[in-house]
Amino acid sequence: LLGDVTSPLQENIPWVVVDLTEEQIAERLAGAAAQARQDRNFELAMTDGIVCAPDSTVEDKAPWLEYRQALRDVTNQPNFPKEIYWPTSPNYKG
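Given 3.6 residues per turn, any residue in an α-helix points the same way as the ones three and four places further on. Listed as buried for helix α2 (residues 62-72) are Trp-64, Tyr-67, Arg-68 and Leu-71. Buried positions in α2, seen along its axis, are confined to an arc of 95 degrees and lie on one side of it. Residues of α2 that are buried in the fold lie against α1 (22-51).

Below, the structure is given as structure tokens:
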């Protein structure tokens, strides 16, 4: 397929759509999955201090534990990594 797209600057930008090989698709999906795991691990690390630290000031840790489990379950979603539904973080009021 050939066509053009109009940019915010009102310039016509030509584009071409090409079919990917099965190997290219697999590589892109593997890259997307790796990035999603990295993002998930970052979010888990950001909440370590809330639920794991002995001096945490958060009294009700249950929502945070549920959030962390939902983060771990991201990779078990049916269309992962093509579609990812990220859980919503509880509000931290520390």
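After that view of the structure, there is still more to cover.
Right, let's talk about a nonpolar patch on the surface for a bit. A cluster of nonpolar residues, Val-16, Val-18, Leu-20 and Ile-25, forms a patch on the protein surface that exposes about 320 Å² of accessible area. As for its position among the elements, Val-18 is in the loop between β2 (12-16) and α1.

Now for the confidence of the model for the protein. Confidence in the prediction of the protein, expressed as mean pLDDT, is 86, and 82% of residues score 70 or more. When pLDDT is averaged over each helix and strand of the protein, the minimum, 50, is found for strand β1 (residues 2-6) and the maximum, 95, for α2.

Moving on, we get to the side chain of Thr-47. The residue Thr-47 is located in helix α1 in this model. Within the structure, the side chain of Thr-47 is placed 3.0 Å from the backbone oxygen of Leu-44, a separation counted as a polar contact. The contact partners of Thr-47, leaving out residues within four places of it in the chain, are Trp-64, Tyr-67 and Arg-68.

The phi angle of most residues is negative, glycine excepted, and most peptide bonds adopt the trans form. For the bond from Phe-80 to Pro-81, the omega torsion is 0 degrees, close enough to zero to count as cis. Among the structural elements, Pro-81 can be located in the segment after α2.

For the rest of this paragraph, the subject is the pattern of salt bridges. Under the defined criterion, the tally for this structure stands at one salt bridge. Among the ionic pairs, Asp-48 bridges to Arg-68, the shortest N-O distance being 2.9 Å. Taken as a pair, Asp-48 in helix α1 and Arg-68 in helix α2 lie far apart in primary sequence, 20 residues in all. Residue classification places Arg-68 among the buried positions, given a relative accessible area of 7%.

How each quantity is defined
- Residues numbered from 1 in each chain as written.
- Predicted model: local features only at pLDDT ≥ 70, side-chain atom pairs only at ≥ 80, totals over all residues.
- Heavy atoms only, no water.
- Buried < 20%, exposed > 50% of the residue type's maximum accessible area, 1.4 Å probe, protein only.
- Helix = DSSP H or I, 4+ residues; strand = E, 2+ residues; numbered from the N terminus.
- Arc of directions from axis to C-beta.
- Contact = heavy atoms within 4.5 Å.
- Patch = residues over 30% accessible without salt bridge, like charges linked within 9 Å, V, L, I, M, F, W, Y side chains within 5 Å.
- Areas by Shrake-Rupley, 256 points an atom, 1.4 Å probe, with all protein chains shown as cover.
- Salt bridge = Lys/Arg side-chain N within 4 Å of Asp/Glu carboxyl O.
- pLDDT = per-residue confidence, 0-100.
- Polar contact = N/O pair within 3.5 Å; in protein donor to acceptor, adjacent residues only side chain to side chain.

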